[in-house]
Amino acid sequence: MQYGYISALLAAGRNSDALTQVDKQLALYPLDRRLWQLAAQTHAQLGHRLLSHRAQAEATALSGNLVAAIEQIGLGIKAGDGSFYELSAAESRRREWQDLEKSQRKN
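(A) The layout of surface pockets, seen in detail. Looking at the largest pocket, its volume works out to about 230 Å³. Taken together, D23, L26, W36, A39, H43, L51, R54, A55, Y85, E86 and A89 form the lining of the largest pocket. At the level of elements, helix 2 (15-28), helix 3 (33-46), helix 4 (49-62) and helix 6 (84-106) are the ones that each hand at least two residues to the lining of the largest pocket.

(B) Focus on the packing of helix 4 against helix 5 (residues 66-79). Direction vectors running N to C along helix 4 and helix 5 enclose 175°, while the axes themselves pass 8 Å from each other. Between helix 4 and helix 5, the interaxial angle falls into the category roughly antiparallel. For the pair formed by helix 4 and helix 5, the contact residues are R49, L50, H53, R54, Q56, A57, T60 and A61 on the first element and L66, A68, A69, Q72, I73, L75, G76, I77 and A79 on the second. Its residues assigned to classes, the contact of helix 4 with helix 5 shows 10 nonpolar, 5 polar and 2 charged.

(C) Geometry of the nonpolar core. Judged by nonpolar contacts, the single largest core of 14 residues is most densely connected at I6, V22, L26, W36 and A39. Only helix 1 (2-11), helix 2, helix 3 and helix 4 provide two or more residues apiece to this core. Considering each element in turn, this core owes the most residues, 5 residues, to helix 3. Beyond its immediate chain neighbours, meaning those up to four positions away, W36 contacts L26, P30, A55, E58, A59 and L62. Ranked by size, the runner-up nonpolar core spans 10 residues in total, among them A57, A61, I77 and A90.

(D) Layout of the side chain of E58. Following the sequence through the fold, E58 ends up in helix 4. If we skip the residues at most four places from it in the chain, E58 touches W36, R93 and W97.

(E) Here's a closer look at the environment of E71. Positionally, E71 belongs in helix 5. Assessed through its relative accessible area of 55%, E71 is described here as exposed. Here the alpha-carbon distance between E71 and A57, two residues 14 residues apart in the chain, equals 8.0 Å.

(F) Geometry of the packing of helix 4 against helix 6. Where helix 4 contacts helix 6, the two axes come as close as 11 Å, and the packing angle between them is 25°. Compared by their axis directions, helix 4 and helix 6 come out roughly parallel. Between helix 4 and helix 6 lies a crossing whose hand is left-handed. Contacts between helix 4 and helix 6 involve L50, L51, R54, A57, E58 and A61 on the former and, on the latter, E86, L87, A89, A90, R93 and W97. Across the contact of helix 4 with helix 6, the residue classes tally to 8 nonpolar, no polar and 4 charged.

Criteria and cut-off values
Residues numbered from 1 in each chain as written. Predicted model: local features only at pLDDT ≥ 70, side-chain atom pairs only at ≥ 80, totals over all residues. Heavy atoms only, no water. 1 Å grid on protein atoms, 1.4 Å probe; cavity = no way out; pocket = protein on both sides within 12 Å on 5 of 7 lines; lining within 4 Å. Points joined across faces, edges and corners; volume = space filled by probe spheres on them. Helix = DSSP H or I, 4+ residues; strand = E, 2+ residues; numbered from the N terminus. Axes fitted to C-alpha atoms, helices over the stretch in contact; angles between N-to-C directions. Parallel < 35°, antiparallel > 145°, perpendicular 65-115°, else oblique. Contact = heavy atoms within 4.5 Å. Nonpolar A, V, L, I, M, F, W, Y, C, P; charged D, E, K, R; others polar. Core = buried A, V, L, I, M, F, W, Y, C linked by side-chain atoms within 4.5 Å. Buried < 20%, exposed > 50% of the residue type's maximum accessible area, 1.4 Å probe, protein only. Left-handed = near helix turned anticlockwise from the far one by under 90°.

Have a look at this one:
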């Protein structure tokens, strides 16, 4: 039901309301790939390129594709529109995924 509600908010152009709702849901369900995809769409509509790429990277990582997630978050970091905090968090997440991907390759 929440997916539909957030999608309806986006379709109605109520992007800030959609962001509030998707953030609330992600706080409850941080491993929900579909919520991360909605977050990516919401941030994209708001013009938040770094946050949009980061949310899409989270969804991709939850799908099990760390290489694509690393690539996606790298695009977000290069976008150059995030705050210092957002950029630091994205770089930290990228390093975490790189380490995880490297350890998976070794096994």
